[in-house]
Structures are given as C-alpha cells and as structure tokens.
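Survey of secondary and tertiary structure
What follows is the residue order along each chain.
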Amino acid sequence: MKTFYIETFGCQMNAHDSEKVIGTLVSDGYTQVPEPAQADLILYNTCSIRDKAEQKVFHRLQQFKKEHTGKTFGVLGCVAQQEGEKIFERAPFVNLVAGSASYSQLSQMLVQLEAGNRRVTGLSLDNDQAFETPFTRRDNPHRAYLTIIEGCDKSCAYCVVPFTRGPERSRTSESVLNEARDLARKGYLEVQLLGQNVNSYRDPSPAGWDFARLLRAMGEIDGIRRVRFTTSHPRDFVKDIVDAIDENPVLCNHVHLPVQSGSSSVLERMQRLYTRDDYLRRIEWIKKARRNIAITTDIIVGFPGETEAEFEQTLSLLEEVQYDSLFNFKYSRRPNTSALVLGDHIPEEEKTRRLTVVQEMQRAIQIRRNSELVGSVEEALVEGYNQATSQWIGRTTQNRMLNFIHPEFPRPLEGATLAGKYSNVRVTRAGPNSLAGERVN
Ligand code: SAM
Ligand code: SF4
C-alpha cells in the first residue's frame, strides 16, 4: 500500500489545491494517512505570501527531517515555485519540488518518484491550463471550493503571487458549470468560487462570458443554495457584479474587496491601479444595492515610505467604509517584487504599532456593525456544534459566524445533526467577531 501525508499552509487557494492533489494521489492508488509517521510520502503545500509563512515551512521541514528520515518528501506550492531547485540544497532530503502551475503533471511526477528518481521538479510556469481534476477530495461536506481562474496578471509591487502562481488562466464556463452541477448532485449546498482575482475571469471558450455572467449562471443551478466568491481586485470590480447579487439571493450578501491602503499615493506606489476615490465609488455601488451586502477587506500597514499622514488616510477610510471585517498585515519584503527597490522601510516596531491601531479601530467598528443586527432574523447554514458552549455554529449569507441554541434540537443526537441544514435564527447578542441567537420557526 502506498501512503501519503499532506500538510497545507496558507490561503483558500492552497487549501483547495491540496484537495485536488489528494484526489489525484488517491486516484493513483495512494492512501491518505493522518500522521506523517504512517506515511511513505510526506507533502507540504506551502505559502510564501509573507516571510513568516515561508520561515514556518523551512522550520517544519527541518523538524520532519529529524523525525522521518528515509521517507519521500515533496514541497509543493508557492515556496516550491519561488525557491525552486535551491530547496534541494537547503533541504537535501527533499525529493519533489513542484509549483501549482505544474500540478496537472502530478501523476507523471509521482511515477518518476516511484521509479526511484530522487530529484523530481515541476517548476514551469509556462502552462496555459488550469489544474482541473475529476478526483478532488473535498474536506467540507457542505461547502465546496471551486476554482474559476488561476494565477495573476497584475503586478502589485509587494506581491509574490504572479511569480509563484504564474499568469492568469480562466477555466471555460462549461467546465465550471459542469463541476458546480456535479457538486449539487453530490449534495453540496454552498459553492465558493476561487481565484486571485475572480473578476478578471474571462471565459476562454467562444461564449466569452465575463465574471458577472458566470455568477448569474451559478445562481441558477438547482440544489446550490449559496454562492460566494473571493478575491476581487477593485480595479476589475464592475457594477454589474453588484447588479447580479441584487437579482438573485443565491449569490451571497458579501463582497471581499481588498483595498490595501486608504492613501492614493501609497496605492500608486503599490501599483494597485486605482485611487481612493475609485475604490470608494465601488463601495458606493455595493452600499446602494437593495440587498444588505457585507463588505470586507485586506489592509497592509507599513508599506515602504508610508508616512503617518498616509497611514491616517487608511484609518479615515476604515471610518468611512465601516467594514464588516478585515485582514490586516504588516508589509513583508518578498523576493522578486518591485517594492524591494523602494527605500524608506518602516521599522518593525512602527509596523506593529500601526497594526494594533487598525485592529483596535476595526474592533470597535465590528462591535457597532454586529450590534445593528440584534433583533433581526438571519438564515444560518449550520457548520457544526460547539460542545463547550452547547451552541450550534452557523454562518449567515454575509459570512458572519452565528452561534445559536435550538430549543427542540439542543445537541447532536446519535446519527442526527443540524450540520449542513439551514436554520432561521433571531440574533440576540453581538460581539466583535460573531453573533449569538436562538432558532425561530
Ligand atoms: N489577489 C488578492 C488581491 O489583489 O487583493 C490578494 C491575494 S493575497 C494572497 C492576500 C493578501 O495578502 C493581500 O490582499 C495583501 O493584503 C496580503 N499581502 C500580499 N503580499 C503581501 C506582503 N508582501 N506583505 C504583507 N501582506 C501581503
Ligand atoms: Fe498579488 Fe496584486 Fe495579484 Fe492580488 S492582484 S494576487 S495582490 S499581484
């Protein structure tokens, strides 16, 4: 029996890549095992978006070397693509180094490893195919990730993704819809469309659909109750996307629109291709929608040369937009990126201070935003049960966590659970990161 163990770092794209890798390995006769000690083949699907993520990978590799000598090791994902064959020098016990643009050749690479080849690489970015596999092994039984576009053609000055994931490749609308229909047949209720920049989606088949057209078609699939998508680059975010959401409640009330900075001069140095005003225009479309669409974002603090006044522009943007949630990062220098040549790097302590200021301000905003929902009835897709609090864990269309009690179904019973079902819940309490409530009929 051929066994493998896989560990995944990083974003949803990586999590979903691992699901596809697992599916491919299983269809090639491998069995997944929960512990590295039980595996012949140990795989790391890595992230290099920030230096901390990358250091974690090398640290883990060293740990593994000590504990599991004699096994086959593979490094996959962004660190593999970025470091390439240098990984063999730094960690000579590694046998496979492959970036995500090469996963469609994964089966062939496994054959080479099985044939005793000790240095196998898949590092070409010169691939116009997306990684499509009928063998995807999905982790979550109710919510499925579905890639519509891979890679990125933007060149944000801080970002390593175009170097690690290669150029943009959209899947055909037919293949996306076929996969979505198949998911519905298998009982999935929710689909999350994935891509570094989903709204630059362009159907390569003659139909030539754009993202809004694809979204509308996704909203029509029998059995799929919710459709989400991430991530949207503001430059390519058009009003038609908001119109599509407004037309069909299957398309969730949530847009993640990473702004990175509230200062137009920083945005220009970041090469984000929009100004603060351009961004705010898009926010206005979303806020004017008939549906109550939650807005979330990503912020980078301490980009090279970010002055106190520029940082305050980010704070004023947070105040103006009133985001429902955000991810906040300290700028991290990445290899190959154009920001490396910019001078005037912000000291680490100052980045930490700015991060804290953003977090504190956002916490107050989230308490306010969540409190506005107290008294309302929200539909929650139940994800599980929290034994410690005796509450069901659900998620609203706005992607808010909603924990609730259910008087007639207080806990999972043998063979019976609410997980995967929808419940209407009256919100009774609000915290910064979640809501709490009680199920209503
Ligand atoms: N494609 C998405 C976009 O354009 O918004 C971003 C994808 S990236 C995986 C997720 C987030 O990581 C970015 O929005 C950015 O905030 C953050 N990020 C990327 N590179 C970074 C860097 N060098 N330092 C700090 N944060 C970074
Ligand atoms: Fe990175 Fe910019 Fe591409 Fe997003 S759009 S993945 S931040 S280069």
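Preceding this paragraph is the structure being described.
Quick notes on the rules
Residues numbered from 1 in each chain as written. Chains lettered and ligands numbered in written order. Predicted model: local features only at pLDDT ≥ 70, side-chain atom pairs only at ≥ 80, totals over all residues. Heavy atoms only, no water. Helix = DSSP H or I, 4+ residues; strand = E, 2+ residues; numbered from the N terminus. Rg over C-alpha atoms; globule rule 2.2 N^0.38 Å. Buried < 20%, exposed > 50% of the residue type's maximum accessible area, 1.4 Å probe, protein only. Contact = heavy atoms within 4.5 Å. Areas by Shrake-Rupley, 256 points an atom, 1.4 Å probe, with all protein chains shown as cover. Lys, Arg positive; Asp, Glu negative; His and termini not counted. Charge placed at Lys NZ, Arg CZ, Asp CG, Glu CD. Pairing = 2+ DSSP bridges. Phe/Tyr/Trp six-rings, centres within 6.5 Å; stacked < 30°, edge-to-face > 60°. Lys NZ or Arg CZ within 6 Å of the ring centre and 35° of its normal. Core = buried A, V, L, I, M, F, W, Y, C linked by side-chain atoms within 4.5 Å. Axes fitted to C-alpha atoms, helices over the stretch in contact; angles between N-to-C directions. Polar contact = N/O pair within 3.5 Å; in protein donor to acceptor, adjacent residues only side chain to side chain. Near = heavy atom within 4 Å. Nonpolar A, V, L, I, M, F, W, Y, C, P; charged D, E, K, R; others polar. Expected span 1.5 Å × (residues − 1). Arc of directions from axis to C-beta. Salt bridge = Lys/Arg side-chain N within 4 Å of Asp/Glu carboxyl O.

Brief notes about the overall build of the protein
From N to C terminus, the protein includes 13 helices and 19 strands. The C-alpha radius of gyration of the protein comes to 22 Å, within 12% of the 22 Å expected for a compact globule of 441 residues. When each of the 441 residues of the protein is scored for burial, the buried share is 57%. In the protein, 74% of the contacts between residues at least 6 apart in sequence involve partners at least 24 apart. Approximately 19200 Å² of the protein is accessible, and the part contributed by carbon and sulfur atoms is 49%. Between the centroid of the 56 positive side chains of the protein and the centroid of its 57 negative side chains there is a distance of 3 Å.

Observations concerning the side chain of Arg354
Among the structural elements, Arg354 can be located in helix α13 (residues 348–371). On the basis of relative accessible area, Arg354 is assigned to the buried category, the value being 5%. The residues contacting Arg354, other than those within four sequence positions of it, are Val301, Glu306, Thr307, Glu308, Phe311 and Ile346.

Looking at the pairing of strand β18 (residues 422–430)
Two faces belong to every sheet, and in a regular strand the side chains alternate between them. Bridging between strand β15 (residues 377–386) and β18 involves five bridges; their strand directions are antiparallel. Bridging from a neighbouring strand, Val377 pairs with Arg426 of β18. Where β18 lies against strand β19 (residues 434–440), six bridges are found, and the strand directions are antiparallel. Within β19, the position partnered with Asn424 by the bridge is Val440. Here β18 hands over to β19 after three residues, the two strands then running antiparallel side by side.

Describing the packing of aromatic side chains
A full pass over the atoms with the stated rule returns 13 aromatic pairs. On the basis of an interplanar angle of 85° and a centroid distance of 5.3 Å, the ring pair of Tyr44 and Phe64 is categorised as edge-to-face. Taken together, the residues Tyr44 in strand β3 (residues 41–46) and Phe64 in helix α2 (residues 51–67) connect sequence positions 20 residues apart. Residue class for Tyr44 comes out buried when judged on its relative accessible area of 1%. You can call Phe64 buried: its relative accessible area is 2%. Joined through ring pairs, the aromatic side chains of Tyr5, Phe9, Tyr44, Phe64, Phe73 and Phe93 make up one cluster. Over the aromatic face of Phe58 sits the side chain of Arg90, whose NZ or CZ is 3.6 Å from the ring centroid.

A closer look at the nonpolar core
Grouped together as the largest cluster of nonpolar side chains are 69 residues, with contacts concentrated most on Ile148, Leu193, Phe211, Met218 and Phe229. The leading source of residues in this core is helix α8 (residues 211–218), at six residues. For Met218, the contacting residues outside a window of four places in its chain are Val176, Leu177, Ala180, Val191, Leu193 and Val227. Within the second largest apolar cluster, 22 residues are counted, among which are Val79, Ala80, Ile87 and Phe93.

Overview of unusual backbone geometry
Comment: phi is negative for the bulk of residues other than glycine, and the bulk of peptide bonds are trans. Here the bond from Thr230 into Thr231 is cis, since omega is 5°, no more than 30 degrees from zero. Mapped onto the elements of the fold, Thr231 is located in the loop between β11 (226–230) and α9 (239–247). The backbone phi angle of Ser390 is positive, close to 55°, even though this residue is not glycine. For Ser390, the position within the fold is in the loop between β15 and β16 (391–395).

Some remarks on the sheet that holds strand β14 (residues 325–330)
Whether parallel or antiparallel, the strands of a sheet pair through hydrogen bonds between backbone atoms. Strands sit in the order β12-β13-β14 across an open sheet of three strands; the sheet is parallel. If you trace the sheet from one side to the other, it starts and ends with β12 (254–256) and β14, each paired once. On average, each strand axis in the sheet is inclined to that of its neighbour by 10°, with strand direction left out of account. Pairing geometry for β12 and strand β13 (residues 294–301), over three bridges, is parallel. Paired with His254 across the strands is Ala294, a residue of β13.

As for the environment of Arg181
Of note, Arg181 is situated in helix α7 (residues 173–185). Along the sequence, Arg181 and Gly223 sit 42 residues apart, while their C-alpha atoms lie 8.4 Å from each other.

Side note on the side chain of His254
Summarising the element assignment, His254 is placed in strand β12. Among the polar contacts listed, one links the side chain of His254 to the side chain of Thr296, at a separation of 2.8 Å. Among all residues touching His254, those that are not within four sequence positions of it are Arg228, Phe229, Ile293, Ala294, Thr296, Thr397, Gln398 and Asn399.

Considerations on the site of ligand 2
The immediate surroundings of ligand 2 are formed by Cys152, Lys154, Cys156, Tyr158, Cys159, Val161, Pro162, Gln196, His233 and Arg272. Tallied by class, residues from the shell around ligand 2 come to six nonpolar, two polar and two charged.

Thoughts on helix α12 (residues 308–321)
Look at α12: 20 Å from first C-alpha to last across 14 residues, which is about the 20 Å you get at 1.5 Å a residue. All of the buried residues in α12 are Glu310, Phe311, Thr314, Leu315, Leu317, Leu318 and Val321. For α12, the angular spread of buried residues about the axis comes to 155°, placing them on one side. Looking at the buried positions of α12, the neighbouring elements they touch are α10 (264–269), α11 (276–287), β13, β14 and α13. Two residues or fewer after α12 comes Gln322, characterised by a positive phi angle close to 60°.

Quick notes on the pattern of salt bridges
Throughout the structure, instances matching the rule amount to 36 salt bridges. When the shortest N-O distance is used, the salt bridge between Glu150 and Arg169 registers 3.0 Å. In this pair, Glu150 is assigned in strand β8 (residues 149–150) and Arg169 in strand β9 (residues 169–170), connecting sequence segments 19 residues apart. One exposure class covers both Glu150 and Arg169, and it is buried. Sharing partners across several salt bridges, the network here consists of Arg143, Glu190, Arg226, Arg228, Glu383 and Arg395.

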